[in-house]
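In case you want the letters, here they are:
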Amino acid sequence: MIVDYLSVLGAEDGPGGLAWRALTSAQQAFIKSLPKAEVHAHMNGCIPLNCLQELAIDYLANNPTTLVDEVQRGLAVLEKGVVLTEIGDFFGLFPAIYALTSTPAAVKKATHAVLSSFLSTSPAQCEYIELRTTPRKTPHMTAYEYFTTVLDVLETFQGRAALILSIDRRMSIADVKAYVQMAKELKQAGRAIVGVDLCGDPLAGDMKQFAPILASVHDVGLKLTVHIAETPQNGEEDTLALLSAKPDRLGHATFLTPAAQAIVLDRQIPVEICLTSNVLCKTVDSLQDHHVSHLLTHKHPVVICTDDTLPFRNSLFEEYALLLAPPPLGLGLAEAEVERLAQVGMRTAFR
Ligand SMILES: CNc1ncnc2c1ncn2[C@@H]1O[C@H](COP(=O)(O)O)[C@@H](O)[C@H]1O
């Protein structure tokens, strides 16, 4: 049975909210008690809505003309709840969010709010988070200032958080080289950066050109994770090029071809699984059809993550509820299996 989320969703509910409420209080307590790691969370995709609304008040007061319509439209969509026809619609949400995080003060506030939403709730959503973000130049700061502002705030969480630098598939090769170099220098300077990610529009960029640059992060002890085979249009060439960079984890890995899948299973490359994200972006037909089940039958390492809590309105507790709740709201896994997956998550962290 496929759940028709649109007909059952309340303003605050995603698939995970429904799964969470289908659990007994003992099961909810069990999920809360598990030590967990969040390793696939995009900073600008995880800003709590109330923080974004506060940033919008400042922004609209200080920018009487620039992008006001776009920001108001974007905020209205996020407030109402995002409904996506396909994954391409998702990337259209970010210009409004980016307008609101374009000064160092706004970035500081947003970073603190994101990390607090994972680490400072009671109980915390996770013990440890690897947050990722894309260096971004704005009229108010350089990409280096943006990235180190996030890093400065993150380091105040003292070992409970580390940063991954995201490379966007839409970047020029010159930018990819420059940002990979930035990541290496920050790592060598002893900052709390543990890896590099590849993300963004799944169909942009020539991955054959990106792969050797991405692979070079290993030279300084950084780890590599790549969004891979996220859509059916990602061909085998694209996927194999990314695998040639020897990634240490994979994001999504939804549409691996048999040849790619053989490599992933053979090398035991852990896969970051974002159930709500995949269901709402419609890259999987339903939770029951999600590729995580296939990976689990192969006892392949997977780590359960949130991806973008702002548009998807999910939490790490709810993602775990999707594992435990009985079908069709969840996958109906046994508690021992859910606990094992939480442990895999802690082990696959890059720290
Ligand atoms: C749904 N799955 C996804 N697939 C691919 N890229 C994604 C993504 N979710 C988020 N991003 C990437 O992360 C950026 C926002 O965070 P940062 O500005 O980096 O902090 C988006 O612009 C997109 O490039």
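Just so you know, these numbers come straight off a predicted model, no measurement behind them.

Rules used throughout
Residues numbered from 1 in each chain as written. Predicted model: local features only at pLDDT ≥ 70, side-chain atom pairs only at ≥ 80, totals over all residues. Helix = DSSP H or I, 4+ residues; strand = E, 2+ residues; numbered from the N terminus. Rg over C-alpha atoms; globule rule 2.2 N^0.38 Å. Buried ≥ 20, exposed ≤ 12 C-beta atoms within 10 Å, placed from the backbone. Near = placed C-beta within 6 Å. Nonpolar A, V, L, I, M, F, W, Y, C, P; charged D, E, K, R; others polar. Axes fitted to C-alpha atoms, helices over the stretch in contact; angles between N-to-C directions. Parallel < 35°, antiparallel > 145°, perpendicular 65-115°, else oblique. Left-handed = near helix turned anticlockwise from the far one by under 90°. Contact = placed C-beta atoms within 7 Å. Pairing = 2+ DSSP bridges. Right-handed = clockwise from strand over helix to strand, strands pointing away. UniProt positions renumbered as here; feature names shortened; annotations may be inferred.

> Looking at this structure, how should I read the overall build of the protein chain?
When you go through the protein chain residue by residue, the secondary structure sums to 18 helices and eight strands. Relative to the compact-globule value of 20 Å for 351 residues, the protein chain shows a C-alpha radius of gyration of 19 Å, a close match. Classification of the 351 residues of the protein chain by burial places 48% in the buried group.

> Is there a simple way to think about the site of the ligand in this case?
Within the structure, the ligand sits among 18 residues, and His42, Met43, Asn44, Thr133 and Thr134 are positioned closest to it. Of the residues that constitute the shell around the ligand, the class distribution is five nonpolar, nine polar and four charged.

> Just to check I follow, could you spell out the packing of helix α10 (residues 173-188) against helix α11 (residues 207-215) for this structure?
Between two packed helices, both the angle of their axes relative to each other and the distance between the axes serve to describe the pair. α11 packs onto α10 with a crossing angle of 15 degrees between their chain directions and a minimal axis gap of 10 Å. Considering the angle they form, α10 stands roughly parallel to α11. Read as a crossing pair, α10 and α11 show a hand that is right-handed. The segment α10 lies against α11, with Ile173, Val176, Lys177 and Val180 engaging Gln209, Phe210 and Ile213. In terms of residue class, the contact of α10 with α11 is built from five nonpolar, one polar and one charged.

> Would you explain the pairing of strand β4 (residues 193-199) in this entry?
A regular strand carries its side chains on alternate faces of the sheet. Buried residues dominate β4, accounting for seven of its seven residues. Direction of pairing for strand β3 (residues 161-168) relative to β4: parallel, over a ladder of six bridges. Along β4, the bridge assignment pairs serine 166 with aspartate 197. You can see the chain leave β3, run along α10 and come back into β4, and the turn it takes is right-handed. Two strands pair when backbone bridges link them, and β4 and strand β5 (residues 223-228) are joined in this way by four bridges, in the parallel orientation. Of the residues in β5, the one forming a bridge with aspartate 197 is threonine 225.

> Would you mind going over the UniProt feature "domain: Adenosine deaminase" (unreviewed entry) in the protein chain with me for this structure?
Residues annotated by UniProt as "domain: Adenosine deaminase" (unreviewed entry) correspond here to residues 35-350. Strand forms 14% of residues 35-350 and helix 47%; the C-alpha atoms that close the span are 16 Å apart.

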